Amino acid sequence: MTNGAPSDGRQGALARLRVLDLSGFVSGPYATKLLADYGADVVKVEPLDGDPARRTGPFPEDIPNIEASGLFLHLNTNKRSVTLDLETEEGRALLLDLIPRFDIVVENFSPGYLDEIGLDDATMVTANPRLVIAHITPFGQTGPYRRYRETDLTLQAISGMVHHNGDPDREPLKLFGYQSYYLGGAHASVAILAALRRRDATGESQQVDLSIASCAGNVIVPPMTSWAYAGIITMRRGHGRGQWAIYPCADGFATVSVYHTGREWGDFARMVGSDAIKDPKFETAAGRTEHVEELESEILAWTIGRTKHELQELGRENRIAIGYTATVQDLIESPQLRSRDFFTQVEHPAAGTQTYPGAPVRLTGSPWRIRRRPPLLGEHNEEIYVGELGRRPEQLIEMSSSGVV
Amino acid sequence: MTELPLEGVRILDLTGMLAGPYATRLLADMGAETIKVESLRRYDLTRGPVAGDARARIYPDEDPGDSPTDRSSYYNEMNRNKLGITLDLQTDRGREIFLRLVAESDVVIENFSAGVLERLDLAYETLCGTKADIIVVSMPAFGNSGPWRHGVAYGNTMEALSGFAAVNGYPDSLPITTSFTYGDPVAGVHAAFALLAAIEYRDRTGEGQFVDLSQLETLVQFIGESVLDYSMNARLPERTGGRDSSRAPDGVYRCHGDDNWVSISGMDDEGWLALSGLIGRGDLRDVSASERLERRDELDEAVEAWTSTLDRVDAMIALQSAGIAAAAVLDAPGIAADAQVAERGYLEEISHPQAGTHSYPGLPWRMSGIDRTIRMPAPTLGEHNGRVFGELLGMSEEELATLAEEGVTGTKP
């Protein structure tokens, strides 16, 4: 199960690293998925009833099954799973026994929760003075909103994503899925690797205190600076306008994007080819703004008679940015993604063989690879608690019956 | 110990626009020495035209001033903490100097379309001849192989091709794209991760490598559960207007004033009990979860009758005080005035010699070793030629003057 890379036995880039992952749902798990998929040994510590993502669909044939959630499977490739009740004395002791064996702890509990159960930073650092601790929370560990209830919608709202998405004349829109959480996780992976470098340089423990809302806000460029520079409030743009917009075509929709400086307008006008579009009044950005409605009808006249694949191909030949609005089916059938062998098949005892996204980035010398399918709940309890920590098998049975694992 | 996390990492940054500069912005913010390489003929397009364009809405007070290419909000936000040099890579002399810089660097990052570095005779293999363990991060829109490898794309193109636009929009309307080119920062943050992973690998093994990033392939990660859903159930998601179809009320509600909204979400029975009371509709308190979905429009009206009397932030505070997941829908001035943003110190002020003193978003996390993110404003064109060519490569002032005469470097576009 490799992906665009030879299975030559090379280790992943992060094979040196061990990650103890206390996080659940989407944000923390996406960060540790990136670490795991590039070679880190990630041990996922789940509550006894499992990561909440296990109870979130999609499920095969829509039948709920904590071992077969598509969200969980996507986010937990290459990880091992143990269960642990951190609120028991024994559970806490087991965790503190594990910590010295790991480089990184990742958690996304509500701020203050780990302090309340006696697993504050100082306690973990006493157990491992070189530990990198990453806290991934909706608003960060401090500030007036730190205990606010939240969902992906409210985080996309407070960060500015929602304001900048939608039709200017209608209510603003949340983006699909769990975008703020994914953004938090992806940014956390960057922060973690940087913190690790400083840990190696100084020999000291490092802490990261990440705000998911700030990560979501950070991607909105440049409205904050437009406001600071000139008091401009950037508005959502809906389908766009003029030469930067989505147009209906014969069998769907496609974006047309012509940047306001440089060669692009001339190349675009030649590609469209009509006398009307070559009119000098469209040659400047100011002219295109002034005559935007005429411009839009000229572009629409060109797109509406062509299929999405024809438009895509014309854009490619003429070096103009055109993109049809792909569905997941289009992605799976995409000649580009097929040629790059992007998607990957993973077998799983509960979910069967399914198609997963492949590598987000190809490190050609130290490949991305599915070494382990996503874990069953507590699948590696024996491997970790008995094999690694040296607890006796009887102790594991005892802890299991007393609800610690 | 005040050493910055990425001190000692030197990056030659050939990227422009947003995706690449977003990657190097995060790394520069954490202390990587990032040398942005532009040229007098081909500088980062986000600087805007040489003559300025007052309609571009990118300048302080919308005034292009005497030095427009140094006054762009877009450029100055993305390129703080970076050194700026100019070097014409299409000249033999420029190419030779670039290779000398490669010899002193850890990483080269670029977001040209596939094949451009080869045409400049600066392919990965060539760079390895100069520095055996160099890391090259290449991030064209579609990656370095495949039939689309030479394609041009912007953030909204990627939103369409990656599957985002098809599920973004109102149920009764066309697909839409964001006004912040979402594809770019998503590619950028993955590039930053991959670059640090490649450095970790090099430090362990002594080997550099070529990193091939397709912006398209990074975006698909963020809808991974839809890929699984299609694989499992052949189901394709629809445009839902961003609302939760399993809970109600849920969505954004109009507040008092122009384009003023609050989001309300995560509704369970306990939340509804609180919300129905808060909006003065105790008569609706016993409406069950399934009934709430059926009577969604009616309940939305009841909620909006209350929110529309309040400002978005006051509504948020009232809802949160009642234990309901809610947040104001903030625009830029809303974020600039936000209490949480202020407490976290997320916005930082810095003075730029041509653009004046303004606040910019900092790093979206706090970490050991960083007190303040923005240490240096974005470079004016070629601002650090002397420092980089002189101090790093040991070139004399005469040599620099000759290069400037030949147009290989300089500060005036």
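Here we look at the overall build of chain B
(1) Moving on: The number of helices and strands found in chain B is 17 helices and 12 strands.
(2) Moving on: Taking the principal axes of its C-alpha atoms as reference, chain B extends roughly 85 × 50 × 45 Å.
(3) Moving on: A separation threshold of at least 6 residues defines the contact pool for chain B, and within that pool the share at least 24 residues apart is 69%.

Re the domain arrangement of chain B
(1) Moving on: Segmenting chain B into domains produces domain 1 (10-221 + 344-406) and domain 2 (260-330).
(2) Moving on: Computed over C-alpha atoms only, the centres of domain 1 of chain B and domain 2 of chain B are separated by 44 Å.

Some thoughts on the interface of chain B and chain A
(1) Moving on: With 125 residues of chain B in contact, the opposing surface of chain A contributes 129 residues.
(2) Moving on: Of the residues assigned to the side of chain B that touches chain A, the class counts are 72 nonpolar, 35 polar and 18 charged.
(3) Moving on: When strand β13 (residues 361-363) of chain A meets strand β6 (residues 209-213) of chain B, the two strands line up antiparallel, connected through three bridges. Each residue of the ladder has a partner; that of V361 of chain A, found in β6 of chain B, is L213 of chain B.

As for unusual backbone geometry
(1) Moving on: Here the amide bond leading from V221 of chain A into P222 of chain A is cis, since omega sits at 5 degrees, within 30 degrees of zero.
(2) Moving on: Mapped onto the fold, P222 of chain A is located in the loop between α8 (212-218) and α9 (223-230).
(3) Moving on: Residue P249 of chain B follows A248 of chain B across a cis peptide bond; omega there is -10 degrees.
(4) Moving on: Inspection of the secondary structure puts P249 of chain B in the loop between α9 (224-233) and β7 (251-254).
(5) Moving on: At D341 of chain A, a position not held by glycine, the phi torsion is positive, near 55 degrees.

Here we look at the pairing of strand β9 (residues 325-328) of chain B
All names here are of chain B.
(1) Moving on: By the alternation rule, side chains of β9 split into A325 and A327 and A326 and A328, which are all buried.
(2) Moving on: Direction of pairing for strand β8 (residues 261-265) relative to β9: antiparallel, over a ladder of four bridges. When the bridges of β9 are listed, S265 appears paired with A325.

Describing helix α1 (residues 27-37) of chain A
Residues and elements named next belong to chain A.
(1) Moving on: Burial within α1 is extensive, with 11 of its 11 residues counted as buried.
(2) Moving on: The set of residues buried in α1 consists of S27, G28, P29, Y30, A31, T32, K33, L34, L35, A36 and D37.
(3) Moving on: Two residues or fewer after α1 comes G39, characterised by a positive phi angle close to 115 degrees.

Examining the sheet that holds strand β1 (residues 10-13) of chain B
(1) Moving on: The strand order across the open sheet formed by seven strands is β13(A)-β6(B)-β5(B)-β4(B)-β1(B)-β2(B)-β3(B), and the pairing between neighbours is mixed. The open sheet terminates on both sides in strands that have one partner only, identified here as β13 of chain A together with β3 (82-86) of chain B. This sheet shows a mean twist of 20 degrees between the axes of neighbouring strands, independent of strand direction.
(2) Moving on: Pairing geometry for β1 of chain B and strand β4 (residues 107-110) of chain B, over three bridges, is parallel. Bridged to L12 of chain B within β4 of chain B is V108 of chain B.
(3) Moving on: Lying on the sheet, helix α16 (residues 385-392) of chain B is in contact with β2 (33-38) and β3 of chain B; it crosses β3 of chain B at an angle near 85 degrees.

Criteria and cut-off values
- Sequence positions are assigned chain by chain, starting from 1 and proceeding in written order.
- Lettering of chains starts at A and numbering of ligands starts at 1, both following the order in which they are written.
- Residue-level local features of this predicted model are given only where pLDDT is at least 70; pairs of side-chain atoms are given and counted only at 80 or more, and the full residue set underlies all totals for whole chains, interfaces and linings.
- Under the scheme used here, helices are H or I runs from DSSP no shorter than 4 residues and strands are E runs no shorter than 2 residues, and both carry numbers assigned from the N terminus.
- Residue pairs qualify as contacts under a 7 Å threshold applied to their C-beta atoms, which are placed from the backbone.
- Source of the domain bounds: an automatic or database domain assignment.
- Each residue gets one of three labels, nonpolar for Ala, Val, Leu, Ile, Met, Phe, Trp, Tyr, Cys and Pro, charged for Asp, Glu, Lys and Arg, and polar for the others, Gly among them.
- Two strands qualify as a pair provided that DSSP identifies no fewer than 2 bridges between them.
- To sort residues by burial, count the other C-beta atoms lying within 10 Å of each one's C-beta; a count of 20 or more means buried, 12 or fewer means exposed, and anything in between means partly exposed. C-beta atoms are built from the backbone.
- Helix axes use the C-alpha atoms of the stretch in contact, all axes being lines fitted to C-alpha atoms, and the angles between their N-to-C directions lie in the range 0 to 180 degrees.

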